[in-house]
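These are the residues of each chain, in order.
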Amino acid sequence: MSGHHPVHTLAPNLARWSTSNTGVDHVHERSGAAPGPEILVTALVHGNEFSGAIALAELLAAGWRPARGRVTLAFCNVAAFERFDAARPDDSRFVDEDFNRVWASEALDGPRRSAELDRARQLRPFVDRATHLLDLHSMHEPCAPLLVTGTLARNIAFAQALRTASQVVVDSGHADGVRMRDYGEFSDAQGGRIALLLEAGQHWDPRAVSAARDTLMRFLVQAGALARSEAPMGWLLPDREPPAPVVVTDRVVAASMDFRFSGSYAGGEVIARAGTVIATDAGRTVTTPYDDCVLVMPSLRQLRPGVTTVRLGRRA
Ligand SMILES: [Zn+2]
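Residues numbered from 1 in each chain as written. Predicted model: local features only at pLDDT ≥ 70, side-chain atom pairs only at ≥ 80, totals over all residues. Heavy atoms only, no water.

Here's the deal with the domain arrangement of the protein
- If you check the domain split of the protein, you get domain 1 (15-230) and domain 2 (246-315).
- Each of domain 1 and domain 2 was reduced to a C-alpha centroid, and the two centroids are 27 Å apart.
- Contacts between domain 1 and domain 2 engage 16 residues on the former and 15 residues on the latter.
- Counting the surface domain 1 buries against domain 2, the share from its top three residues, His140, Glu141 and Val170, is 34%.
- Applying the counting rule to domain 1 against domain 2 returns three salt bridges.
- A salt bridge links aspartate 90 to arginine 301, with the shortest nitrogen-to-oxygen separation between them at 3.4 Å.
- At the surface where domain 1 touches domain 2, the tally comes to seven residue pairs in polar contact (both at pLDDT 80 or more).
- Per-element accounting of the side of domain 1 that touches domain 2 gives the leading share, four residues, to strand 6 (residues 167-170). (Domains from an automatic or database assignment. Contact = heavy atoms within 4.5 Å. Buried area = accessible area lost by both parts, 1.4 Å probe. Salt bridge = Lys/Arg side-chain N within 4 Å of Asp/Glu carboxyl O. Polar contact = N/O pair within 3.5 Å; in protein donor to acceptor, adjacent residues only side chain to side chain. Helix = DSSP H or I, 4+ residues; strand = E, 2+ residues; numbered from the N terminus.)

Written as structure tokens, this is what we have:
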């Protein structure tokens, strides 16, 4: 698609956060006086998703540190971010490949190289040591925030307990590669590590920054890095009662460039009747497989054959 959404947020200035205290550029750790959780917060896994990076840069600029444990703040795909051009803002998602599809051990340990694999190998020790991971993203389309949990009950419960307005989305990841939040022990059913992915809203919508700040601070409080009363002023939004989780059951994958939705879906729509046409794809119809089917993250932004255009889910 040629059109893009307006860029209403300024790109964060990351030059001053290049040099860090971890020895890896753009990766900063801040420790509390007392022992506590080992938390990793990541932003810019996709180079054009500003909201999480703005929140992390604000914490660093404020000299913030946790009361307990260690919090690592990582700007991930900085090489892609540095290519950002407001005239072509969709083009800086990655350099060579999607940073959030390279997290299989075989890929990380293998011989193949790319800008993203090289950076993932740099960041891997920080992911390995984290007891808690919050990966901050945003979305192509204007859409209410989502917390993506994977399928393990402990992550779903952790996400619901944050009491944000975000819709919790239970999904099993992507066929075309492993996400960071599904890496290693984060997907171990016997383990205790927590990993969530926030989709904070549209990439360049200021509300996505508010959602990123709120979710990040709630995540840190719930993980035990600080008390709620110690949160920076203005970061927490009012408590919300989140809707019941949506379990993703299907992905609609485009077969052609002639894929069209039947309505202007923004995500969160509940389609009452099974068999309702929600899209056409080169003349074929795409229908809902069951009653009360929820549409999750519809987007034609990256349309090409083989790309997921919408996920379908049931409310738990
Ligand atoms: Zn993303």
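Details of the coordination of the zinc ion
- Coordination of the zinc ion by the protein involves His46 (ND1), Glu49 (OE), Glu49 (OE) and His137 (ND1), with metal-donor separations of 2.0 to 2.3 Å.
- Between the four donor atoms coordinating the zinc ion, the angles at the centre fall across 57 to 147°, so the site counts as irregular.
- Along the chain, the residues that donate to the zinc ion are spaced as H-x2-E-x87-H. Of this pair, histidine 46 sits in the loop between strand 2 (34-43) and helix 1 (50-61) while histidine 137 sits in strand 4 (residues 132-139); the two residues are 91 residues apart in sequence, bridging distant segments of the chain.
- You can call histidine 46 buried: its relative accessible area is 3%.
- A relative accessible area of 1% places histidine 137 in the buried class. (Donors = N, O, S within 2.8 Å, 3.2 Å for Na, K, Ca; no water. Tetrahedral: all angles 85-135°; square planar, octahedral: opposite > 155°, others 65-115°. Buried < 20%, exposed > 50% of the residue type's maximum accessible area, 1.4 Å probe, protein only.)

Quick look at the nonpolar core
- Formed by 48 residues in total, the largest nonpolar core has its most connected members in Val41, Phe75, Leu196, Leu216 and Leu220.
- By residue number, the principal contributor to this core is helix 6 (residues 206-223), which donates nine residues.
- With residues up to four places along the chain from it excluded, the contact list for phenylalanine 75 reads Leu14, Trp17, His26, His28, Ala43, Leu44, Ala53, Leu56, Ala57, Leu60 and Arg119.
- Ranked by size, the runner-up nonpolar core spans 21 residues in total, among them Cys76, Val102, Leu108 and Leu133. (Core = buried A, V, L, I, M, F, W, Y, C linked by side-chain atoms within 4.5 Å.)

Some details on the layout of surface pockets
- Taken as a whole, the largest pocket encloses approximately 830 Å³ of empty space.
- Taken together, 40 residues line the largest pocket, and the ones lying closest to its centre are Arg93, Arg101, His174, Gln302 and Arg311.
- Those elements that place two or more of their residues in the lining of the largest pocket are strand 4, strand 7 (194-202), strand 8 (246-253) and strand 14 (308-315).
- Of the residues contributing to the lining of the largest pocket, the split by class is 14 nonpolar, 12 polar and 14 charged. (1 Å grid on protein atoms, 1.4 Å probe; cavity = no way out; pocket = protein on both sides within 12 Å on 5 of 7 lines; lining within 4 Å. Points joined across faces, edges and corners; volume = space filled by probe spheres on them. Nonpolar A, V, L, I, M, F, W, Y, C, P; charged D, E, K, R; others polar.)

Some remarks on the sheet that holds strand 6
- On the basis of which strands lie adjacent, the open sheet formed by 11 strands has the order 1-3-2-4-7-5-6-8-14-13-10 and mixed pairing. At either margin of the open sheet sits one strand with a lone partner, and together these are strand 1 (27-31) and strand 10 (270-271).
- Summarising the sheet, strand 4 and strand 7 pair through seven bridges and their orientation is parallel. Bridging from a neighbouring strand, histidine 132 pairs with isoleucine 194 of strand 7. (Pairing = 2+ DSSP bridges.)

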